[in-house]
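Structural overview
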Amino acid sequence: MRISVSSDMDEPVARGLVAELRARGHDVTAHGALHPGSDPQWAACSEAAARDVATGAADQAVVCCWTGTGASIAANKVPGVRAALCTDAYTADGARRWNDANVLALSLRLTSEPLLKEILDAWFTAEASEDAEDRENVARIGRLDRREP
Ligand SMILES: O=C[C@H](O)[C@H](O)[C@H](O)COP(=O)(O)O
């Protein structure tokens, strides 16, 4: 999978995330503090990674900041993006399954290396629900995005 990753801070967990994704066979594009010359501000680098998803340059993205909050807010402002701030594997599973999330937001402060692997395992294993109510909820978010009634 082509995955864009952003972080406003050059933290071990962010570098570990890139290494872990590459070890799992993903094609990683880095933004922010993980890529020299890229704007490291959390809103800017999260937007850049999210835009990769929205334009189809990436299949998914993982956006990081200290709390994960700013990264998730910025990513969710990009039309077509459904970013989920996940602090555990159950939440990551639900984000993919029920919300068809296409951007994973992580807190650099809370995410330990073992927890990161658990979250990634859940994120990449779960598939979007085919349940009609779940699909309608996701479709409604699309209409919100497009300012449709
Ligand atoms: O939502 C914002 C993020 O948690 C940032 O990573 C946080 O604001 C870091 O700020 P600073 O660079 O001032 O430590």
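For the structure, check the block above.
Here's a quick rundown of the structure. Since the model is a prediction, treat every value here as computed from it, not as a measurement.

Things to note about the site of the ligand
- Around the ligand, the neighbouring residues are D8, W42, C65, W66, T67 and G70.
- In the model, an oxygen atom of the ligand is placed 2.6 Å from a nitrogen or oxygen of the D8 side chain.
- Between the ligand and T67 there is a distance of 2.9 Å, counted from an oxygen atom to a backbone nitrogen or oxygen.
- Its residues assigned to classes, the shell around the ligand comprises three nonpolar, two polar and one charged.

Some details on the packing of aromatic side chains
- Here the structure, examined in full by the defined rule, presents one aromatic pair.
- Ring geometry for Y90 versus W98: centroids 6.3 Å apart, planes at 65°, classification edge-to-face.
- A residue is classified by how much of its surface remains accessible, and Y90, at 59% relative accessible area, is exposed.
- For W98, a relative accessible area of 39% corresponds to the partly exposed category.
- Over the face of the ring belonging to W123 we find R96, whose NZ or CZ atom lies 5.8 Å from the ring centre.

What counts and how
- Residues numbered from 1 in each chain as written.
- Predicted model: local features only at pLDDT ≥ 70, side-chain atom pairs only at ≥ 80, totals over all residues.
- Heavy atoms only, no water.
- Near = heavy atom within 4 Å.
- Polar contact = N/O pair within 3.5 Å; in protein donor to acceptor, adjacent residues only side chain to side chain.
- Nonpolar A, V, L, I, M, F, W, Y, C, P; charged D, E, K, R; others polar.
- Phe/Tyr/Trp six-rings, centres within 6.5 Å; stacked < 30°, edge-to-face > 60°.
- Buried < 20%, exposed > 50% of the residue type's maximum accessible area, 1.4 Å probe, protein only.
- Lys NZ or Arg CZ within 6 Å of the ring centre and 35° of its normal.

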